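Residues per chain, in single letters:
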Amino acid sequence: MSNKQHMYTSLDDTPDKIVRLLKSHKSGYISGEKLCKSLGLSRAAVWKNIKKLQSLGYKIDSKQKSGYRLVAKTSLMLPWEISDGLQTDIIGRKIYYFDTIDSTQSFALKLASRPHENGTIIVAKRQTHGRGRQDRRWISPDGGIWLSILLRPNFEVSHVSLFPMLVSLALALTIEKTLKLKPRLKWPNDVTLGDKKVAGILVDASVESNQIDYLVIGVGINFKVEPSAITKIAKGSKNFYGATTLVGKKTDADPVMFLQTFLAELEKMYNKVIENNISGIKKDWKKRSSTVGKNVKISTPNGYVTGKATGIDNDGALLVSSRGKTQRLLVGDISSQA
Ligand code: BTN
């Protein structure tokens with residue numbers, strides 16, 4: 001793994017420990033001496049770490065006689081911030097954070113060759129070569145949540161096609177809970193607000209002799225982005241129908257809290273799939289679907305399919321009926337729905 005610049009992982013325990021100590025003394029100052037003792041570091045090393053944290057956006061006040069006080073935490077999605085209060089057992093047990101990376105998905109795919117990596121997440125502030133579905137580019141400016149999740153589920157291969165549905169549903173529930181907005185789900189895996197795309201999901205799977213070796217779930221969320229930064233570049237591309245942002249530049253919505261809620265929702269759903277309890281997921285997805293009930297035109301690897309979208313089956317396939325015949329579509333892109 002070559003991209004080590006400005007990378008932090010949940011294994012970097014010095015910043016994690018300092019931030020925890022500062023948070024536990026929020027009402028007052030913690031002395032330099034106490035920090036040195038608790039961390040087993042010299043004064044100079046503590047000072048260096050404090051400087052580093054300040055450069056990462058933490059507001060830390062230092063007073064000669066009193067020590068250090070945390071005034072405000074960073075808004076960066078640093079590993080130890082995501083871990084602090086994360087209510088999951090598997091997803092996020094190891095976290096990588098990058099300031100800039102080509103693609104979190106490519107990084108996760110490289111990590112996948114290590115068999116013990118399960119539940120690892122990779123988060124980036126910006127991506128230079130973000131990947132979208134169908135080999136499209138994914139514009140990933142500052143302010144978004146660009147995330148890949150590496151999982152090794154122990155279930156049937158046929159369940160892989162459920163992932164776009166369950167990840168987009170987990171996202172919709174998170175948006176409803178944390179931001180009180182009403183997102184819609186566009187088959188197969190788009191999350192929309194006001195008919196514009198606000199998030200997309202990309203699933204890369206490796207399957208060996210009918211067993212899932214690993215899944216890499218890529219999630220791109222326009223959390224607090226400037227929509228024009230995306231629109232400007234993406235507007236000519238096939239099937240682009242507009243992009244929007246979840247929150248405006250001036251709101252103080254916390255991406256870390258959003259991400260923690262999403263990971264917890266996703267793990268709940270993942271456990272439901274493990275228990276083969278899919279009907280509830282299907283029902284909740286359908287309730288939010290902007291596709292079911294519409295006349296659709298879908299481009300598939302075998303050409304266009306037109307008809308009425310009537311529902312979704314237990315594999316996440318869209319059911320499209322035309323002239324008394326129903327087709328099951330597992331892959332495709334909606335060209336129009338009305
Ligand atoms: C889509 O085309 O709708 C899927 C977009 C998926 C984008 C995410 S951003 C994080 C991860 N890394 C990538 O390069 N792509 C996915």
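All values reported here derive from a predicted model rather than from experimental measurement.

Student: I keep staring at the overall build of the chain and nothing clicks. Help me out?
Tutor: Secondary structure assignment for the chain yields nine helices and 15 strands. What you see for the chain is a C-alpha radius of gyration of 22 Å, in line with the 20 Å of a compact globule of 338 residues. The dimensions of the chain, computed from C-alpha atoms along their principal axes, are 80 × 45 × 35 Å. Taken over 338 residues, the chain has a buried fraction of 51%. Considering only residue pairs separated by 6 or more positions, the chain has 65% of its internal contacts joining residues 24 or more positions apart. Split by element, the accessible area of the chain, about 16,100 Å² in all, is 49% carbon and sulfur. Where the 53 positive side-chain charges of the chain centre and where its 30 negative ones centre are 6 Å apart.

Student: I tried to follow the nonpolar core on my own but got confused; where do I start?
Tutor: Judged by nonpolar contacts, the single largest core of 63 residues is most densely connected at Leu147, Leu246, Phe262 and Leu263. No other element matches the eleven residues that helix 6 (residues 163-179) contributes to this core. Shared between two domains, this core holds at least three residues of each, these being domain 2 (79-287) and domain 3 (295-337). Dropping the residues within four chain positions of it, Leu147 is found in contact with Thr104, Ile121, Ile122, Val123, Ile217, Gly218, Val219, Leu259, Phe262 and Leu263. Formed by 21 residues, the second largest nonpolar core is a distinct cluster that contains Tyr8, Leu22, Ile50 and Ile60.

Student: Would you mind going over the side chain of Ser289 with me for this structure?
Tutor: Looking at where Ser289 falls in the secondary structure, it is placed in the loop between helix 9 (279-288) and strand 11 (295-300). Here the side chain of Ser289 touches Thr291 through a polar contact of 3.0 Å, landing on its backbone nitrogen. A polar side-chain atom of Ser289 sits 3.0 Å from the main-chain amide nitrogen of Val292. Those residues in contact with Ser289 that lie beyond four places of it in its chain are Arg184 and Leu185.

Student: Looking at this structure, I do not really get the sheet that holds strand 14 (residues 325-329). What am I missing?
Tutor: In a beta sheet, neighbouring strands pair by backbone hydrogen bonds and run either parallel or antiparallel. With antiparallel pairing, five strands are arranged side by side in an open sheet as 14-13-12-11-15. The open sheet is flanked by strand 14 and strand 15 (333-337), the only strands paired with a single partner. Each strand of the sheet is rotated relative to its neighbour by a mean of 45°, with strand direction disregarded. The sheet contact formed by strand 11 and strand 12 (residues 303-312) spans six bridges and is antiparallel. Of the residues in strand 12, the one forming a bridge with Asn295 is Lys308.

Student: Where do I start with the packing of helix 6 against helix 9 in this structure?
Tutor: Packed helices, taken two at a time, are described by the angle their axes make and the gap between the axes. For the pair helix 6 and helix 9, the least separation of the axes is 10 Å and the interaxial angle reads 65°. With respect to the hand of their crossing, helix 6 and helix 9 are arranged in left-handed fashion. Within the contact between the two elements, helix 6 uses Met165, Leu166, Ser168, Leu169, Ala172, Leu173 and Glu176 and helix 9 uses Ile281, Lys282, Asp284, Trp285 and Arg288. Broken down by class, the residue content of the contact of helix 6 with helix 9 amounts to seven nonpolar, one polar and four charged.

Student: In this structure, what is going on with the sheet that holds strand 10 (residues 211-221)? I would like to understand it.
Tutor: Read across the sheet, eight strands follow the order 1-4-5-6-10-9-8-7 without closing on themselves; strand pairing throughout is mixed. The open sheet is flanked by strand 1 (7-9) and strand 7 (184-186), the only strands paired with a single partner. Taking the axes of each pair of neighbouring strands and ignoring which way they run, one obtains an average angle of 20° across the sheet. Pairing between strand 8 (residues 190-193) and strand 9 (residues 196-208): three bridges, direction antiparallel. Bridging across to strand 9, Thr192 finds its partner in Lys197.

Student: Sorry, what's going on with the pattern of salt bridges here?
Tutor: One side chain can pair with another of opposite charge once the charged atoms of both are near each other. A full pass over the atoms with the stated rule returns 22 salt bridges. Linking Asp254 and Lys73 is a salt bridge whose minimum nitrogen-to-oxygen distance equals 3.6 Å. You can see Asp254 sitting in the loop between helix 7 (227-234) and helix 8 (255-274) and its partner Lys73 sitting in the loop between strand 3 (67-72) and helix 4 (79-83), a full 181 residues away along the chain. Note that Asp315 and Arg328 form a salt bridge whose closest N and O atoms lie 3.1 Å from each other. In this pair, Asp315 sits in the loop between strand 12 and strand 13 (318-322) while Arg328 sits in strand 14, placing the two residues 13 residues apart along the sequence. On the basis of relative accessibility, which here comes to 44%, the residue Arg328 falls in the partly exposed class. Beyond isolated ion pairs, a larger network of salt bridges with shared partners links Lys23, Lys73, Glu81, Asp84 and Asp254.

Student: I keep staring at the site of the ligand and nothing clicks. Help me out?
Tutor: Lining the immediate surroundings of the ligand are 19 residues, of which Ser103, Gln127, Arg131, Arg133 and Lys197 lie closest. Mapping the ligand onto the cavity grids shows that it belongs to the largest pocket. Elements represented by at least two residues in the shell around the ligand include exactly helix 5 (104-111), strand 6 (145-151), strand 9 and strand 10. If you tally residues by element for the shell around the ligand, the top one is strand 9, at four residues. For the shell around the ligand, the class distribution of residues is six nonpolar, ten polar and three charged.

Criteria and thresholds
- Residues numbered from 1 in each chain as written.
- Predicted model: local features only at pLDDT ≥ 70, side-chain atom pairs only at ≥ 80, totals over all residues.
- Heavy atoms only, no water.
- Helix = DSSP H or I, 4+ residues; strand = E, 2+ residues; numbered from the N terminus.
- Rg over C-alpha atoms; globule rule 2.2 N^0.38 Å.
- Buried < 20%, exposed > 50% of the residue type's maximum accessible area, 1.4 Å probe, protein only.
- Contact = heavy atoms within 4.5 Å.
- Areas by Shrake-Rupley, 256 points an atom, 1.4 Å probe, with all protein chains shown as cover.
- Lys, Arg positive; Asp, Glu negative; His and termini not counted.
- Charge placed at Lys NZ, Arg CZ, Asp CG, Glu CD.
- Core = buried A, V, L, I, M, F, W, Y, C linked by side-chain atoms within 4.5 Å.
- Domains from an automatic or database assignment.
- Polar contact = N/O pair within 3.5 Å; in protein donor to acceptor, adjacent residues only side chain to side chain.
- Pairing = 2+ DSSP bridges.
- Axes fitted to C-alpha atoms, helices over the stretch in contact; angles between N-to-C directions.
- Left-handed = near helix turned anticlockwise from the far one by under 90°.
- Nonpolar A, V, L, I, M, F, W, Y, C, P; charged D, E, K, R; others polar.
- Salt bridge = Lys/Arg side-chain N within 4 Å of Asp/Glu carboxyl O.
- Near = heavy atom within 4 Å.
- 1 Å grid on protein atoms, 1.4 Å probe; cavity = no way out; pocket = protein on both sides within 12 Å on 5 of 7 lines; lining within 4 Å.
- Sits in = over half its atoms within 2 Å of the grid points.

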